[in-house]
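# Descriptive analysis of the structure
For reference, the chains in residue letters:
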Amino acid sequence: MRILITTMIWILVSAASQCPAVEKFLEAPIFPNAQVLKQTDSKLVLKTQEGFSEVLAFYKKSLSDMKDIKFRDWGHAIYIEDDGNRPWHSITIAKPSQSSGNGVVITIRKDSWTWIFSTLLLRYVGVFVVLVVILICMSISGTLLSKKFKASQQ
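A quick note: this is a predicted structure, and the numbers were derived from the prediction, not measured. Residue numbers here run from 1 along each chain, matching the order of that chain's written sequence. A pLDDT threshold of at least 70 governs which residues receive local features in this predicted model, and a stricter bar of 80 or more applies before side-chain atom pairs are shown or counted, although totals over entire chains, interfaces and linings include all residues. Processing note: side-chain calculations cover all non-hydrogen atoms of the structure and skip hydrogens and water entirely.

### Overview of the nonpolar core
Here is the rule: To qualify as a nonpolar core, a set must consist of buried Ala, Val, Leu, Ile, Met, Phe, Trp, Tyr and Cys residues joined through side-chain atoms within 4.5 Å. Burial here depends on accessible area, computed with a 1.4 Å probe over protein chains only, as a share of the maximum for the residue type. Under 20% is buried, over 50% is exposed, and the range in between is partly exposed. Strands here mean DSSP runs of E at least two residues long; helices mean DSSP runs of H or I at least four residues long; both are numbered from the N terminus. By the convention used here, residues are in contact when the closest approach between their heavy atoms is within 4.5 Å.
Counting residues in each nonpolar core, the largest one holds 22 residues, and the members touching the most others are Tyr59, Ile80, Trp88, Ile91, Ile93, Ile106 and Ile108. Those elements giving two or more residues to this core turn out to be strand E4 (43–48), helix H2 (52–62), strand E6 (77–82), strand E7 (88–94) and strand E8 (104–110). Top element by residues in this core is H2. It accounts for five residues. Those residues in contact with Ile106 that sit more than four places away from it in its chain are Phe31, Leu44, Val45, Leu46, Thr48, Val55, Tyr59, Ile91 and Thr92.

So this is what it looks like as structure tokens:
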């Protein structure tokens, strides 16, 4: 029994050392073996020589079990946005270009209050712009209809 327990512990320890550990920044996965170009408390910029499809597949697999994640194709980059309450806000995977030296640049950004307030302000202003447009259209149609019905009554 002692040999069995020792063997099981040895298998678990050796298997755990073989599993690749995924590093994290703001609880977002970091692509392995990527070179750090810039790191602050709110932003991490990485560069890797791996292919764009490999990087995208890594992030799709790493984020597949999370809900409220949106993948957006911007043409020049894939923008991964968290609509939940995670510490990170977005992961941008830029497609290789001449300026980046044919490497894939990955940017992870922290959720910021500036972004949150600007989004709320934009929505607030947008609602009132729509209401003003509806009011103007209703005023114009009311004026036209009242003139038409006045003319038809006479």
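### Quick word on the sheet that holds E8
What counts, and what does not: We call two strands paired when DSSP finds no fewer than two bridges between them. Structural elements are reduced to axes, namely lines fitted to C-alpha atoms, with helices fitted over the stretch in contact, and the angle between N-to-C directions of any two is expressed from 0 to 180 degrees.
If you trace the six strands from one edge of the open sheet to the other, you get E3-E4-E8-E7-E6-E5, paired in antiparallel fashion. Edge positions in the sheet fall to strand E3 (35–39) and strand E5 (69–73), since each of these pairs with one other strand and no more. Within the sheet, the average angular offset between the axes of one strand and its neighbour, ignoring direction, is 15°. Direction of pairing for E5 relative to E6: antiparallel, over a ladder of five bridges. Among the inter-strand pairings, Lys70 is bridged to a residue of E6, identified as Glu81. Its contacts with the sheet place H2 against E4, E5, E6, E7 and E8, and it is angled at close to 160° to E7.

### Observations regarding the pattern of salt bridges
Quick note on the threshold: A pairing counts as a salt bridge when a side-chain nitrogen of Lys or Arg comes within 4 Å of a carboxyl oxygen of Asp or Glu.
If you walk through the whole model with that rule in mind, you get four salt bridges. Arg72 is the partner of Glu81 in a salt bridge, and the nearest nitrogen-oxygen pair spans 2.9 Å. A relative accessible area of 33% places Arg72 in the partly exposed class. We note a salt bridge from Lys95 to Asp73, for which the minimum N-O separation is 4.0 Å. Placement of Lys95 in the loop between E7 and E8 and of Asp73 in strand E5 is noted, with a sequence separation of 22 residues between them.

### A word on unusual backbone geometry
Phi is positive for Asn33, which is not a glycine, with a value near 60°. Secondary-structure assignment places Asn33 in the loop between strand E2 (28–29) and E3. The exposure class of Asn33 is exposed, given its relative accessible area of 80%. Although it is not a glycine, Asp68 sits at a positive phi angle of roughly 65°. Counting through the fold element by element, Asp68 comes out in the loop between H2 and E5.

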